Amino acid sequence: MELRGITKRFPGVVANHDIDITVRRGTVHALIGENGAGKSTLMKILYGMQKPDEGTITVDGEQVAFHNPGDAIARGIGMVHQHFMLADNLTVLENVVLGSEKLHGIGGRARAKIMEISDAYGLGVRPDALVEDLGVADRQRVEILKVLFRGARTLILDEPTAVLVPQEVDALFDNLRGLKAEGLTVIFISHKLGEVLSVADEITVIRRGTTVGSADPKHTTTKQLAELMVGSELPSPETRESTVTDEPMLVIEGLHLAEFDLEGIERIVLDRISFTIHKGEVLGIAGVEGNGQAELVEAIMGMLPPDAGDLSLDGADITHAPTRKRREDGIGYIPEDRHRHGLLLEAPLWENRILGHVTERPNSKGVLLDPAAARRDTERIVREYDVRTPGIEVTAASLSGGNQQKLIVGREMSHLPKLLIASHPTRGVDVGAQAQIWDQIREARREGLAVLLISADLDELIGLSDTLRVMYRGRLVADADPATITPEELGSAMTGAASGHLEHGENAGGEDR
Amino acid sequence: MKKIDKERVLLAIAAPLLAIAVSFLVTALVLLVTGKQPFDAFSIMFDYGFKSDSQVYILDKGTTYYIAGLAVAVGFRMNLFNIGVDGQYRMGAFFAAAVGGAVSLPNFLQIPLIIVVAMLVGGMWAGIAGLLKTKRGVSEVIATIMLNAIATNVIAYFLQPGRLGHLDKAQTQVSTTPLPSSGYLFNFDMGELNGEIYGFIVIAVLLGIAYWFVLGRTRFGFDLRAVGLSESAAEASGVSVKRMVLTSMLISGALAGLVGMPTLLNDAHKFGTEFPAGVGFVGISVALLGRNNPIGVALAALLWAFLERTSTQLDFEDFDKEIVGVMQGVIVLSVVIAYEVVRRYGLRRQQQKVGEELAAQAKNKQEVAA
């Protein structure tokens, strides 16, 4: 498959320009680039979800034009999305045949076909299992099977490892090698360099919407790749000199929360969680998403009332304080989902600067807003935090993700928080802004800020944290010293395979699971 | 930056103008199909609508519609659809009329008493829907529709001789006991032929200013708007969304309670079977057309009153007066569509502009560096 001179413009931005890629049959071809470099747009073009403004796509020597994903699948190109598109309450078989009932029926023939594919590529899929009972890695295999079932010979995987722990990543790579051995082509999108080097046969690097080079994984190091990807030296989240004091800032005691699902079965979301963050300390929480981190954050913010447990901030009990009081008392909040919890997308930037701090200066005097002061202070944040915007009257929606995040960080830091809750603070943020956000967290920590850091980026966690905890099924199952731990060791605790205190190099942890 | 602002204003008025233009067009087509001359009809409307006595009528009706529009707009600003303004204002007006007819206080006490009763009853009636929504998750749309029906029957029950009803001298009409003259609000006399402008128009203007001030300039207003823009972000910012739902329902209901006041204090002085109904629904149309903006709602209220005024004249001139209903319906439909179109266009346009300006900035910087 060949792509020549692909250009795609969106209102205001050129997402892709002059992209040239050649993918050879029977290889794993990696496409790497930072967030926002234009990888996803390119994939959407390949998969027929968007049409390029210029350029040609050639498949097996024949020029093609895809108008919709159906055209692409007819040409044998299938997409495995980053966010799974499966119906939880159906079985694997039902999910696979859904929408392509005409291919092999919905009964025995389809089942035989599924087993045939599953065995051929070692996917190990059980057709009658309910999807809701499957783990993330199994669901991903179902997604891959779905695409193969429809006759794809070229698979596009969009950041397939984002949701997996290291061990599951290895299993996935084995599957990919199996596919390759059968003559299938895999296009693998990622920004995790180590993974790319271990699985890819060829690598194409995309930067700022265009292809900037290709690399041979046998003769390239992650550092070289990263520099190609960023165009300069990589920043690192490294923070070593300790600023941890022994004065507790946030003390959590026995935080417990249970939820009932639709069938009325009790599910423990937070299982008697206790920890203390001291002034000047960054406590990092590792864990696969969905193990209670979001609920923990919402409980600390006062958005989700827990069933039991006590919280105190800087010596004062805040167990029953409403969210606003907690914010006024000095909890800063960088939410995981900035669109849902951090911004009013259709409001101008200066109103977004007020959000969450409406009772504090300079936003208001008494019960009245002070729009003039809020506007002035927004100008300052835009300047000091390098928010790229033509002005403060534009809506938050018109900024890019990284600039939205910088605005949020600037807003929260402007109120000199005592405790900062940072949920995935650099997700979807470009490398420049990432380094800046890390700097700000480090600087504030030096001045006695306590930080609760939750992140899926293990390098970020290990690099920034003074203390590490691992969260698994609502419990803090393990702790580790960020100075010695490796991402792999952390990863194994994230699957629940190890617990207790994780020591580097040894057979980690007490066997109390 | 100035440019974007100007554009935003332009876009803001583009939608309602578009909607009105479309409705005139559709109405013209309907008239043509029924074999009538559309331009004759329009010229009758404009000639008649701008006569002095029509203007007085439009201002009076507009006052009522304006308050109804504001009551609905408060809810709209936080994504609450208070369809119950109709029931709330009838309940408010009815009990205010009953209390006002039962006591006789000096003017400066009588009128505030009537107004306060109306606001309290309207607020309470809306508060039921607010409580149901916050405590039981019942959609306010369903609850307020039901409450409208209940209001009709509650009033019908009490509006009988021997209860709160009062038979007039001719023994033909039932109403509440008429207010004593201390319950009459002043009017502006516009001359023998033109009639009187309700004094309540002054209060309506003050309400508009208060609406603008509270929503745009206070912490409370910011919280309310934040809930309307994103419930989840507002919750995370420290707003108690449930309490805000209840509070804004109470405010919306209290405003709705005032809707009947121009009629009660300035004109009818009693609540009878002929008391206007359906004004709450006009409020919905007017709030939609006016974009929940205090000035926009005022213009929309006046337009609605204008259309209604001219419909009677159309009837005289042998046109079907229902054509005005068609017009109003089309305005509401097209305004909803036009807003969405203009909103999306505006967002896209702004994203594009921001992108362009940033690209230009980056280019300048590079040139400076080079």
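Residues numbered from 1 in each chain as written. Chains lettered and ligands numbered in written order. Predicted model: local features only at pLDDT ≥ 70, side-chain atom pairs only at ≥ 80, totals over all residues.

1. Describing the overall build of chain B
Then step 1. When you go through chain B residue by residue, the secondary structure sums to 14 helices and 4 strands.
Then step 2. In terms of principal-axis extent, the alpha carbons of chain B reach across some 95 × 55 × 35 Å.
Then step 3. Looking at the 370 residues of chain B, the share that counts as buried comes to 46%.
Then step 4. Taking the intrachain contacts of chain B between residues at least 6 apart in sequence as the baseline, contacts between residues at least 24 apart amount to 75%. (Helix = DSSP H or I, 4+ residues; strand = E, 2+ residues; numbered from the N terminus. Buried ≥ 20, exposed ≤ 12 C-beta atoms within 10 Å, placed from the backbone. Contact = placed C-beta atoms within 7 Å.)

2. Here we look at the overall build of chain A
Then step 1. Each helix and strand counted, chain A has 18 helices and 23 strands in total.
Then step 2. Looking at chain A as a whole, 47% of its 513 residues are labelled buried.
Then step 3. Across chain A, the fraction of contacts at a sequence separation of at least 24, relative to all contacts at a separation of at least 6, is 67%.

3. Notes on the sheet that holds strand β11 (residues 248–260) of chain A
Then step 1. Within the open sheet, the 4 strands sit side by side as β12-β11-β14-β15 (chain A). Their pairing is antiparallel. In this open sheet, the two edge strands, each paired with only one partner strand, are β12 (266–278) and β15 (316–317) of chain A. (Pairing = 2+ DSSP bridges.)

4. Description of the environment of isoleucine 437 of chain A
All names here are of chain A.
Then step 1. Within the secondary structure, isoleucine 437 sits in helix α16 (residues 431–446).
Then step 2. Its 25 C-beta neighbours within 10 Å are what place isoleucine 437 among the buried residues.
Then step 3. Taking C-alpha positions, isoleucine 437 is 7.4 Å from valine 409, a pair spaced 28 residues apart along the chain.
Then step 4. Contacts of isoleucine 437, omitting those with residues within four sequence positions, involve Val409, Pro425, Thr426 and Val429.

5. Notes on the interface of chain B and chain A
Then step 1. Chain B puts 29 residues into the contact, and the matching count from chain A is 37 residues.
Then step 2. Within the residue set of the side of chain B that touches chain A, elements represented by two or more residues are α1 (2–33), α8 (219–229), α9 (231–237) and α14 (322–369) of chain B.
Then step 3. It is α14 of chain B that provides the largest number of residues to the side of chain B that touches chain A, a total of 10 residues.
Then step 4. Of the residues that constitute the side of chain B that touches chain A, the class distribution is 11 nonpolar, 10 polar and 8 charged. (Nonpolar A, V, L, I, M, F, W, Y, C, P; charged D, E, K, R; others polar.)

6. A short note on the packing of helix α4 (residues 85–102) of chain B against helix α12 (residues 279–289) of chain B
Residue and element names in this part refer to chain B.
Then step 1. Direction vectors running N to C along α4 and α12 enclose 135°, while the axes themselves pass 7 Å from each other. On the basis of the axis angle, α4 is oblique to α12. Here the hand of the crossing between α4 and α12 comes out right-handed. Contacts from Val85, Asp86 and Tyr89 in α4 reach Val279, Gly280, Phe281 and Gly283 in α12.
Then step 2. For the contact of α4 with α12, the per-class residue count stands at 4 nonpolar, 2 polar and 1 charged. (Axes fitted to C-alpha atoms, helices over the stretch in contact; angles between N-to-C directions. Parallel < 35°, antiparallel > 145°, perpendicular 65-115°, else oblique. Left-handed = near helix turned anticlockwise from the far one by under 90°.)

7. Observations regarding the sheet that holds strand β3 (residues 28–32) of chain A
Residue and element names in this part refer to chain A.
Then step 1. Read from one edge to the other, the open sheet built from 6 strands follows the order β6-β7-β8-β3-β9-β10, with strand pairing classed as mixed. For this open sheet the edge positions go to β6 (77–80) and β10 (210–215), each flanked by a neighbour on one side alone. Each strand axis lies, on average, 20° off the axis of its neighbour in the sheet, ignoring direction.
Then step 2. Sheet topology note: the β3/strand β9 (residues 202–207) ladder contains 4 bridges and is parallel.

8. With respect to the environment of proline 482 of chain A
Residue and element names in this part refer to chain A.
Then step 1. Position of proline 482 relative to the elements: it lies in the loop between β22 (475–480) and α18 (487–494).
Then step 2. According to the C-beta neighbour criterion, proline 482 is partly exposed, with 19 such atoms within 10 Å.
Then step 3. For the pair proline 482 and isoleucine 462, spaced 20 residues apart in sequence, the C-alpha to C-alpha distance is 5.0 Å.
Then step 4. Residue contacts for proline 482: discarding those within four places in its chain leaves Gly284, Ile462, Ser465 and Leu468.

9. A word on the domain arrangement of chain A
Then step 1. Parsing chain A into structural domains produces domain 1 (2–230), domain 2 (243–330 + 417–513) and domain 3 (340–415).
Then step 2. The C-alpha-based centres of domain 1 of chain A and domain 3 of chain A are spaced at 38 Å. (Domains from an automatic or database assignment.)

10. Thoughts on helix α13 (residues 294–316) of chain B
Then step 1. If you check α13 of chain B, its first and last C-alpha atoms are 34 Å apart, about what 23 residues at 1.5 Å a residue would give, namely 33 Å.
Then step 2. At the exit of α13 of chain B stands aspartate 318 of chain B, carrying a positive phi of roughly 75°. (Expected span 1.5 Å × (residues − 1).)

11. Concerning unusual backbone geometry
Then step 1. Omega for the bond connecting arginine 361 of chain A with proline 362 of chain A falls within 30 degrees of zero, at 0°, which places this linkage in the cis form.
Then step 2. Counting through the fold element by element, proline 362 of chain A comes out in the loop between α13 (349–354) and β17 (364–365).
Then step 3. Of note, asparagine 292 of chain B is a non-glycine position whose phi angle comes to about 60°, a positive value.
Then step 4. Tracing the chain through its elements places asparagine 292 of chain B in the loop between α12 and α13.

12. Here we look at α8 of chain B
Then step 1. When you tally the buried positions in α8 of chain B, you get 8 out of 11 residues, the bulk of the element.
Then step 2. The complete set of buried residues in α8 of chain B reads Gly221, Phe222, Asp223, Leu224, Ala226, Val227, Gly228 and Leu229 of chain B.

13. Side note on the confidence of the model for chain A
Then step 1. Looking at chain A, pLDDT values average 80 and 89% of them are 70 or higher.
Then step 2. For the stretch residues 506–513 of chain A, pLDDT sits under 50, and the model shows 16 contacts to residues farther than four places along the chain or on other chains. (pLDDT = per-residue confidence, 0-100.)

14. Some words on the pairing of β3 of chain A
Then step 1. Counting buried residues in β3 of chain A gives 5 out of 5 residues, a clear majority hidden from the surface.
Then step 2. Judged by which residues are buried, β3 of chain A turns out to be covered on both faces: Val28, Ala30 and Ile32 of chain A on one side and His29 and Leu31 of chain A on the other are all buried.

15. With respect to the confidence of the model for chain B
Then step 1. Confidence along chain B averages 86 in pLDDT terms, with 95% of residues attaining 70 or more.
Then step 2. Two numbers describe this predicted complex: its pTM, 0.75, and its ipTM, 0.82.

16. Description of the pairing of strand β4 (residues 54–59) of chain A
Then step 1. Of the pairings in the sheet, the one linking β4 of chain A to strand β5 (residues 62–64) of chain A comprises 3 bridges and is antiparallel in character. The residue of β5 of chain A that forms the bridge with valine 59 of chain A is glutamate 62 of chain A.

17. Regarding the packing of α4 of chain B against helix α5 (residues 107–136) of chain B
Residue and element names in this part refer to chain B.
Then step 1. Closest axis-to-axis distance for the α4/α5 pair is 8 Å, and the angle between their directions is 145°. Like other packed secondary-structure pairs, α4 and α5 cross with a definite hand, here right-handed. Residues Gly87, Gln88, Tyr89, Met91, Gly92, Ala93, Phe95, Ala96, Val99 and Gly100 of α4 form the contact with α5, whose participating residues are Gln110, Leu113, Ile114, Val117, Ala118, Met119, Val121, Gly122, Trp125 and Ala126.
Then step 2. Looking at the contact of α4 with α5, its residues break down into 14 nonpolar, 6 polar and no charged.

18. Focus: the environment of leucine 197 of chain A
All names here are of chain A.
Then step 1. Mapped onto the secondary structure, leucine 197 falls in helix α8 (residues 193–199).
Then step 2. You can call leucine 197 partly exposed: it has 18 C-beta atoms within 10 Å.
Then step 3. In sequence terms leucine 197 and lysine 218 are 21 residues apart; their C-alpha atoms lie 7.7 Å from each other.
Then step 4. Other than its neighbours up to four places away in sequence, leucine 197 contacts Pro217, Thr220 and Thr222.

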